[in-house]
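Commentary on secondary and tertiary structure
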Amino acid sequence: MNIDVSIEKRIPVSLSKTILIFKKPSDKKEKVKVFKYPPPFPLTLRHNNQPSWEDELPIPELTIQTSGNKVTLFWSMNLFLEAAEIKMYELLVCKETNKVSTSSMWKKTSITPDLLPMSFEVKIYNLGYTYYFALRAVDIYNRCTDFALQKTRI
């Protein structure tokens, strides 16, 4: 059975949610579909710690600056002596659209830790959208920190 669906109105709920109300033309019942951003992160397996391993890394502190179609990400790590060595950073970028958000919307880039200062520049070719940037550190034991998340409209 095909149902003709039209968008009746758009109601912003918060910075991270938008509700679109769909309605069958011949019926007064409303169906609500939530387009929640940012989408869930891709699944990552958690590693067990071994007693001989150094401590897990802290979550990076991430800030962003925009200039035209360029986004520059800056981050710092509050490392301590017992922390494991950083193997790499993983950067995920997602563009907010009017589609249901899924974890496959994230685009992943690996960044080697030898970049000093800790920064990375991203060129954006589709202006007028909100972009989400998620950064995490990965240690030499392949343990990942939680993501540091920032968003900006370009």
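Let me begin by describing the structure that accompanies this report. Please read these numbers as outputs of a predicted model, since none were measured by experiment.

How each quantity is defined
Residues numbered from 1 in each chain as written. Predicted model: local features only at pLDDT ≥ 70, side-chain atom pairs only at ≥ 80, totals over all residues. Heavy atoms only, no water. Core = buried A, V, L, I, M, F, W, Y, C linked by side-chain atoms within 4.5 Å. Buried < 20%, exposed > 50% of the residue type's maximum accessible area, 1.4 Å probe, protein only. Helix = DSSP H or I, 4+ residues; strand = E, 2+ residues; numbered from the N terminus. Contact = heavy atoms within 4.5 Å. Pairing = 2+ DSSP bridges. Axes fitted to C-alpha atoms, helices over the stretch in contact; angles between N-to-C directions. 1 Å grid on protein atoms, 1.4 Å probe; cavity = no way out; pocket = protein on both sides within 12 Å on 5 of 7 lines; lining within 4 Å. Points joined across faces, edges and corners; volume = space filled by probe spheres on them. Nonpolar A, V, L, I, M, F, W, Y, C, P; charged D, E, K, R; others polar. Phe/Tyr/Trp six-rings, centres within 6.5 Å; stacked < 30°, edge-to-face > 60°. Lys NZ or Arg CZ within 6 Å of the ring centre and 35° of its normal. Salt bridge = Lys/Arg side-chain N within 4 Å of Asp/Glu carboxyl O.

1. Focus: the nonpolar core
If you look at the biggest cluster of nonpolar residues, it comprises 22 residues, and the most contacted ones within it are Leu-73, Trp-75, Met-77, Tyr-89, Leu-91, Phe-133 and Leu-135. Breaking this core down by element, the ones donating at least two residues are β4 (61–67), β5 (70–76), β6 (86–95) and β9 (130–139). Leaving out residues up to four positions away in the same chain, Leu-73 has contacts with Leu-62, Thr-63, Ile-64, Leu-91, Met-118, Ser-119, Phe-120, Val-122 and Phe-133. Among the nonpolar cores identified, the runner-up in size contains 8 residues, and Tyr-37, Leu-92, Met-105 and Tyr-132 belong to it.

2. Overview of the sheet that holds β5
Reading across the sheet, the 3 strands line up as β4-β5-β8 and stay open at both edges, with antiparallel pairing between neighbours. The outermost strands of the open sheet, each flanked by one partner alone, are β4 and β8 (119–123). Across the sheet, the mean angle separating the axes of adjacent strands is 20° when strand polarity is ignored. Where β5 lies against β8, 5 bridges are found, and the strand directions are antiparallel. What sits directly across from Val-71, in β8, is Val-122.

3. Considering empty space enclosed by the protein
Tallied over the entire structure, the rule returns 1 cavity of 30 Å³ or more. Estimated volume of the largest cavity: approximately 30 Å³. Forming the boundary of the largest cavity are Glu-56, Leu-57, Asp-139, Arg-143, Cys-144 and Thr-145. Here the residues of the lining of the largest cavity are counted per class, giving 2 nonpolar, 1 polar and 3 charged.

4. Notes on the sheet that holds β9
Taken in spatial order, the 4 strands line up as β7-β6-β9-β10 in an open sheet, and their pairing is antiparallel. The two strands at the open ends of the sheet, each matched to only one other strand, are β7 (107–111) and β10 (148–153). Between one strand axis and the next, the sheet turns by 20° as a mean value, whatever way the strands run. By the bridge criterion, 5 bridges tie β6 to β7 in an arrangement that is antiparallel. Bridge pairing in β7 places Tyr-89 opposite Ile-111.

5. A short note on the packing of aromatic side chains
Summed over the entire model, instances satisfying the criterion amount to 5 aromatic pairs. Taking 5.2 Å as the distance between ring centres and 35° as the angle between the ring planes, the aromatic pair formed by Phe-41 and Trp-106 counts as tilted. Of this pair, Phe-41 sits in the loop between β3 (30–36) and β4 while Trp-106 sits in the loop between β6 and β7; the two residues are 65 residues apart in sequence, bridging distant segments of the chain. Owing to a relative accessible area of 30%, Phe-41 belongs among the partly exposed residues under this scheme. You can call Trp-106 buried: its relative accessible area is 6%. Ring-pair connections join several aromatic residues into one group, and the members of that group are Phe-41, Trp-106 and Phe-147. Lying over the aromatic face of Tyr-129, Lys-95 brings its terminal NZ or CZ to 4.3 Å of the ring centre.

6. As for the pattern of salt bridges
Counting across every chain of the model gives 3 salt bridges. Note that Glu-90 and Lys-108 form a salt bridge whose closest N and O atoms lie 3.3 Å from each other. Of the two residues, Glu-90 sits in strand β6 while Lys-108 sits in strand β7, which places them 18 residues apart along the sequence. Owing to a relative accessible area of 7%, Glu-90 belongs among the buried residues under this scheme. For Lys-108, a relative accessible area of 54% gives the class exposed. Linking Arg-143 and Asp-139 is a salt bridge whose minimum nitrogen-to-oxygen distance equals 2.6 Å. Of the two residues, Arg-143 and Asp-139, neither departs from the other in class, the shared state being buried. Through salt bridges with shared partners, one network takes in Glu-90, Lys-108 and Arg-136.

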